[in-house]
Amino acid sequence: MDEWLMQKIQEITVEEQAYLDGRTQVEKNVYQYSGARTLSDGSCQFEVDSQLFLKKGKLITVRHHSRFVEFPIHQHNYIEIMYVCMGEITHYIDGKELVMRQGDMLLMNQHVKHRIKRAGAGDIGINFIVLPEFFDIPFQMMRKQNVIADFLAGILRQNNPIPQYLNFRLQGKKEISNLMENMIASLVNENAVSEEKHHPEKTGVLGRLDINNEDVINQYSMGLVFLYLINYIDTLSDNSSHSYEDIVVQSAMKYIDSHYRTASLGYIADDFQLSFPTVSRMIKKVTGFTFQQLLMRKRFQKAVMFLVETELPVEEIAANIGYENHSYFYRQFKARYGVTPNQYRKMHKNDEAIKF
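All values reported here derive from a predicted model rather than from experimental measurement.

Enquirer: Could you give an account of the overall build of the chain, with specific residues and numbers?
Expert: A count of helical and extended segments in the chain gives 15 helices and eleven strands. Evaluated residue by residue, the chain yields a buried proportion of 51% over its 356 residues. Taking all contacts inside the chain whose residues are at least 6 apart in sequence as the whole, residues at least 24 apart take part in 72%. For the chain, the accessible area works out to roughly 16900 Å², and carbon and sulfur atoms hold 49% of it.

Here it is in structure tokens:
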């Protein structure tokens, strides 16, 4: 990260100095108007209000997460994206501990309730405070169904009160960190003079975005970040509210079941807009087997069924399950079952149940 930017985001604000001087609780008036209403479900009285950070008509801003104090359970009336620049930030969501380290990213919709462990001087997290309308362009950049598109669709519908969050463990992914740092820099730098006029000692806002060319640049930059995240979907934390790995793997298994003769890993990768290595890693992680191993297992299950339940010639069975090379089929069958296909047929012809 640029030295100037790192220095800027490490500066201790007046709010943080109060915590260092002995204040033990969050200054709620920084985050919500005095006398703010209790939420309708009565479960969370601390709702952070975007109006305290965004100028009227603006869609996005950033502020660094206030250190030196424990944040009680709260939620926001906007979309929050936290990006960790240094150290670590620990969240607690639904009783789960979520430790974010340098380069990690957390996306939360308006309905997520969470608390945050006290951060030290070297723990720098940047909060993107974003209104739903900002995501119009990033959503349009999503061409197929994927976990990011589903998350954005839920935000834009605004009629789904289900808490949703995505936690990506992205250490070392330079293409993403470069884009995030560029957006942070543009938001910090654009209104450096305006910051002073809007009392940064109270809000801690690092910058505000006017509706201009920077607005569009940051929308497309965020869209590019999301497209990169699709390539790194295997970095999605297990304790995120989406189990996207399971969705992909279940789809792959159904696809193998119905298209075992011609199935290819490329079809799944294209369908979910993921890279071959990413899909392969996800399948191996969830099932313990590679795509080819799962495909071969299904094909030989069908081969055994045809051998025992039909009189089809072995060569025709091989072709029916996707093996035009009969010699390869024979070798693989014998390696798996210890006998040739014809021997297997004779041994199990009268079996009541097929032996896989």
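Enquirer: Before we move on, can you summarise the nonpolar core with the specific residues and values?
Expert: Counting residues in hydrophobic clusters, the biggest one holds 107 residues, and the most contacted among them are Met105, Phe128, Ile148 and Phe226. At ten residues, the largest contribution of residues to this core is made by helix α12 (residues 291-309).

Enquirer: A description of the packing of α12 against helix α15 (residues 341-348) should follow, citing residues and the corresponding values.
Expert: At a closest axis distance of 9 Å, the pairing of α12 and α15 adopts a crossing angle of 55 degrees. Regarding the angle of α12 to α15, the classification is oblique. Helix-helix and strand crossings are classified by hand; for α12 and α15 the assignment is right-handed. Across the interface between the two elements, Val304, Phe306, Leu307 and Val308 from α12 touch Pro341, Tyr344, Arg345 and His348 from α15.

Enquirer: So what's going on with the sheet that holds strand β3 (residues 71-76)? Residues and values would help.
Expert: The strands making up a sheet associate through backbone hydrogen bonding, with each pair oriented either parallel or antiparallel. Strand order in this open sheet of five strands is β1-β3-β8-β5-β6, and the pairing throughout is mixed. Bordering the open sheet on either side are β1 (47-48) and β6 (96-101), each of which pairs with just one other strand. In this sheet, strand β8 (residues 114-116) lies alongside β3 in antiparallel orientation, the contact comprising two bridges. Note that in β8 the partner of His74 across the bridge is His114.

Enquirer: Summarise the pairing of strand β2 (residues 60-64); cite the residues concerned and give the values.
Expert: Within β2, five of the five residues are buried, which leaves it mostly tucked inside the rest of the structure. Because side chains alternate across β2, one face comprises the buried residues Ile60, Val62 and His64, and the other comprises Thr61 and Arg63, equally buried. Across five bridges, β2 lies against strand β9 (residues 124-130) in antiparallel orientation. Bridge assignment links Val62 to a residue of β9, and that residue is Phe128.

Enquirer: For the packing of aromatic side chains, give the residues involved together with the corresponding values.
Expert: Aromatic ring pairs are reported here in terms of the distance separating the ring centres and the angle at which the planes meet. Following the criterion strictly, the structure yields 16 aromatic pairs and no others. Ring geometry for Phe135 versus Phe226: centroids 6.2 Å apart, planes at 20 degrees, classification stacked. Remark: Phe226 occurs in helix α8 (residues 213-231) and Phe135 occurs in the loop between β9 and α3 (136-140); sequence separation between them is 91 residues. Here Phe135 and Phe226 have matching classes, each one buried. When the centroid spacing of 5.7 Å and the interplanar angle of 85 degrees are considered together, the rings of Phe333 and Tyr344 count as edge-to-face. One end of the pair, Phe333, is in helix α14 (residues 326-337); the other, Tyr344, is in helix α15, and eleven residues separate them in sequence. Judged by its relative accessible area of 0%, Phe333 falls in the buried class. The exposure class of Tyr344 is buried, given its relative accessible area of 3%. Following the ring pairs from residue to residue traces out a cluster consisting of Phe300, Tyr323, Tyr328, Phe329, Tyr330, Phe333, Tyr337 and Tyr344. Positioned above the aromatic ring of Phe289 is the side chain of Arg297, whose terminal nitrogen or guanidinium carbon lies 5.2 Å from the ring centre.

Enquirer: Quick rundown of unusual backbone geometry? Include the residues and the values.
Expert: Positive phi, close to 70 degrees, is recorded for Phe68, a residue that is not glycine. Within the secondary structure, Phe68 is located in the loop between β2 and β3. Backbone geometry places Asp94, a non-glycine residue, at a positive phi of 55 degrees. Within the secondary structure layout, Asp94 lies in the loop between β5 (88-93) and β6.

Enquirer: Residues and numbers for α8, please.
Expert: For the α-helix, the turn length of 3.6 residues means that residues three or four positions removed from each other point alike. Helix length check: α8 (19 residues) gives 28 Å between terminal C-alpha atoms against 27 Å at 1.5 Å per residue, within 8%. For α8, the full list of buried residues reads Asp215, Asn218, Gln219, Ser221, Met222, Gly223, Val225, Phe226, Leu229 and Ile230.

Enquirer: Quick one: what's the story with the side chain of Asp49, residue by residue and with numbers?
Expert: With respect to the secondary-structure elements, Asp49 resides in the loop between β1 and β2. If we skip the residues at most four places from it in the chain, Asp49 touches Tyr31, Gln32, Tyr33, Asn77 and Tyr78.

Enquirer: Kindly report on the pairing of strand β7 (residues 105-108), identifying the contributing residues and their values.
Expert: Neither face of β7 is open: one carries Met105 and Leu107, the other Leu106 and Met108, and all of them are buried. Here four bridges tie strand β4 (residues 79-86) to β7, and the two strands are oriented antiparallel to one another. Its bridge partner lying in β7, Met82 is registered against Leu106. As defined by bridge partners, β7 adjoins strand β10 (residues 165-168) across four bridges and the pair is classed as antiparallel. Across the sheet, Leu107 pairs through a bridge with Leu166, a residue of β10.

Conventions we followed
Residues numbered from 1 in each chain as written. Predicted model: local features only at pLDDT ≥ 70, side-chain atom pairs only at ≥ 80, totals over all residues. Heavy atoms only, no water. Helix = DSSP H or I, 4+ residues; strand = E, 2+ residues; numbered from the N terminus. Buried < 20%, exposed > 50% of the residue type's maximum accessible area, 1.4 Å probe, protein only. Contact = heavy atoms within 4.5 Å. Areas by Shrake-Rupley, 256 points an atom, 1.4 Å probe, with all protein chains shown as cover. Core = buried A, V, L, I, M, F, W, Y, C linked by side-chain atoms within 4.5 Å. Axes fitted to C-alpha atoms, helices over the stretch in contact; angles between N-to-C directions. Parallel < 35°, antiparallel > 145°, perpendicular 65-115°, else oblique. Left-handed = near helix turned anticlockwise from the far one by under 90°. Pairing = 2+ DSSP bridges. Phe/Tyr/Trp six-rings, centres within 6.5 Å; stacked < 30°, edge-to-face > 60°. Lys NZ or Arg CZ within 6 Å of the ring centre and 35° of its normal. Expected span 1.5 Å × (residues − 1).

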